[in-house]
Amino acid sequence: AQSVSQHNHHVILSEAASLELGCNYSYGGTVNLFWYVQYPGQHLQLLLKYFSGDPLVKGIKGFEAEFIKSKFSFNLRKPSVQWSDTAEYFCAVNSASGGSYIPTFGRGTSLIVHP
Amino acid sequence: GAGVSQSPSNKVTEKGKDVELRCDPISGHTALYWYRQRLGQGLEFLIYFQGNSAPDKSGLPSDRFSAERTGESVSTLTIQRTQQEDSAVYLCASSLVQPYYNSPLHFGNGTRLTVT
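Residues numbered from 1 in each chain as written. Chains lettered and ligands numbered in written order. Predicted model: local features only at pLDDT ≥ 70, side-chain atom pairs only at ≥ 80, totals over all residues. Heavy atoms only, no water.

S.K.: Any details on the pattern of salt bridges? Residues and values, ideally.
M.R.: Two side chains bearing opposite charge may form a pair once their charged atoms approach each other closely. Residues and elements named next belong to chain A. Here the structure, examined in full by the defined rule, presents six salt bridges over all chains. Here Glu66 makes a salt bridge to Arg77, at a shortest N to O gap of 3.2 Å. Here the residue Glu66 occupies a position in strand β8 (residues 64-68), and Arg77 occupies one in strand β9 (residues 73-78), the gap between them amounting to 11 residues. Residue class for Glu66 comes out partly exposed when judged on its relative accessible area of 29%. A relative accessible area of 22% places Arg77 in the partly exposed class. When the shortest N-O distance is used, the salt bridge between Lys78 and Asp85 registers 2.8 Å. Accessibility classification places Lys78 together with Asp85 in one group, the buried group. Residues joined by salt bridges that share partners form a network here, namely Lys58, Glu64, Glu66 and Arg77. (Salt bridge = Lys/Arg side-chain N within 4 Å of Asp/Glu carboxyl O. Helix = DSSP H or I, 4+ residues; strand = E, 2+ residues; numbered from the N terminus. Buried < 20%, exposed > 50% of the residue type's maximum accessible area, 1.4 Å probe, protein only.)

Written out as structure tokens, the structure reads:
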């Protein structure tokens, strides 16, 4: 069975600080990888996704993530966070080649950015 | 355009009562998912519908939980004889195609269920 680990449950930063949220997954086959974000009072929405090609993917609002297959990781980064980035971030994975194709989500990371 | 709609947004019920949660997916989305999020925890998969295929019920925690979907339209999640541990936010999501493609999920705002 596939699983997703997000190591940072709560992150507090000041504006302009750099951000990196860890995500590791366990699944041996071909995967699709996603980061979702939930802003306060809003529904979960897609931030970015990886399914093939360039392992460095760029998403909305200046976010990017790098897929490192050898490390089973898909860490989310942003060079300079803003107060409006305060939200809950979820990493998700699903199989693209059989096995458990239903997306599995990590526990989530709560990010608070102080102005 | 219209997103995924869930109702009610909040539901408080007494232990032992039955509850029914509703999800109206985005029109044209063939795949529909139910997840549960307990306080401080991640999203827990419950059930998945794909078109007219048999649903994947592998995530349902007990036989008190059931769900239906008619074709590619509305889905209802029913919890019978609710228990306090059922308290959670129940999230519905839909996507355009089968999940082994890279189509992302579109989530509703969820139903917050509180069992007293």
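Now that the structure has been shown, the text picks up again.
S.K.: Account for the interface of chain A and chain B, naming residues and giving values.
M.R.: Contacts between chain A and chain B engage 20 residues on the former and 20 residues on the latter. Around 1,700 Å² of area is buried between chain A and chain B when both sides are counted, 61% of it from carbon and sulfur atoms. Three residues stand out in chain A for area buried against chain B, namely Tyr101(A), Ile102(A) and Phe105(A), and they jointly supply 31% of the buried area on that side. Viewed at the interface, chain B and chain A are joined by zero salt bridges. Viewed at the interface, chain B and chain A are joined by four residue pairs in polar contact (both at pLDDT 80 or more). For the side of chain A that touches chain B, the element with the most residues is strand β5 (residues 31-38) of chain A, which contributes four residues. Taken together, the residues of the side of chain A that touches chain B break down into 11 nonpolar, seven polar and two charged. (Contact = heavy atoms within 4.5 Å. Buried area = accessible area lost by both parts, 1.4 Å probe. Polar contact = N/O pair within 3.5 Å; in protein donor to acceptor, adjacent residues only side chain to side chain. Nonpolar A, V, L, I, M, F, W, Y, C, P; charged D, E, K, R; others polar.)

S.K.: Residues and numbers for the state of the cysteines, please.
M.R.: All names here are of chain A. Overall, the coordinates contain two disulfides over all chains when judged by the stated rule. Residue Cys23 pairs covalently with Cys91 via a disulfide, S to S 1.9 Å. What sets the handedness of the Cys23 and Cys91 disulfide is the S-S torsion sign, and at about -65° it is left-handed. Taken together, the residues Cys23 in the loop between β3 (19-21) and β4 (24-26) and Cys91 in strand β10 (residues 87-95) connect sequence positions 68 residues apart. (Disulfide = S-S within 2.5 Å.)

S.K.: Quick rundown of the environment of Ser7(B)? Include the residues and the values.
M.R.: Residues and elements named next belong to chain B. Take Ser7: it is sitting in strand β1 (residues 5-7). When its relative accessible area of 32% is taken as the criterion, Ser7 is described as partly exposed. Residues Ser7 and Arg22, spaced 15 residues apart in sequence, show a C-alpha to C-alpha distance of 5.3 Å. Residues within four places of Ser7 in sequence aside, it is in contact with Leu21, Arg22 and Thr111.

S.K.: So what's going on with the environment of Gly28(B)? Residues and values would help.
M.R.: Structurally, Gly28(B) can be placed in the loop between β3 (19-24) and β4 (31-37). Distance from Gly28(B) to Thr13(B), taken between C-alpha atoms, is 33 Å for residues 15 residues apart in sequence.

S.K.: Please set out the sheet that holds β1(B) residue by residue, giving values where relevant.
M.R.: Residue and element names in this part refer to chain B. The sheet built from four strands is open, its strands ordered β1-β3-β7-β6 with antiparallel pairing. Each end of this open sheet is capped by a strand with a single partner; those strands are β1 and β6 (65-69). The sheet shows a mean angle of 15° between the axes of neighbouring strands, direction not considered. Two elements, β1 and β3, share three bridges in a ladder whose sense is antiparallel. Paired with Gln6 across the two strands is Cys23, which belongs to β3. (Pairing = 2+ DSSP bridges. Axes fitted to C-alpha atoms, helices over the stretch in contact; angles between N-to-C directions.)

S.K.: Mind laying out the pairing of strand β2 (residues 10-14) of chain A, listing which residues take part and the relevant values?
M.R.: The side chains of a regular strand alternate between the sheet's two faces. Residue and element names in this part refer to chain A. Every second residue of β2 is oriented toward a common face, the buried set being Val11 and Leu13 and the non-buried set His10, Ile12 and Ser14. Of the pairings in the sheet, the one linking β2 to strand β12 (residues 109-114) comprises five bridges and is parallel in character. Counted as the bridge partner of Val11 is Leu111 from β12.

S.K.: Now, about the packing of aromatic side chains: what can you tell me, with residues and values included?
M.R.: One pass over the structure, following the stated rule, counts 13 aromatic pairs over all chains. Here the aromatic rings of Phe105(A) and Tyr35(B) are separated by 5.2 Å at their centres, their planes lie at 80°, and the arrangement is edge-to-face. Highlighted residues: Phe105(A) in strand β11 (residues 104-105) and Tyr35(B) in strand β4, drawn from two different chains. Note on accessibility: Phe105(A) and Tyr35(B) belong to one class, buried. Taken together, a centroid distance of 5.9 Å and an interplanar angle of 80° make the contact between Phe105(A) and Phe107(B) edge-to-face. Here Phe105(A) is found in strand β11, whereas its partner Phe107(B) is found in strand β9 (residues 106-107) on a different chain. Accessibility assignment for this pair places Phe105(A) and Phe107(B) in one class, buried. Here the aromatic residues Phe34(A), Tyr36(A), Phe105(A), Tyr33(B), Tyr35(B), Phe45(B), Tyr48(B) and Phe107(B) are joined through ring pairs into a cluster of three or more. (Phe/Tyr/Trp six-rings, centres within 6.5 Å; stacked < 30°, edge-to-face > 60°.)

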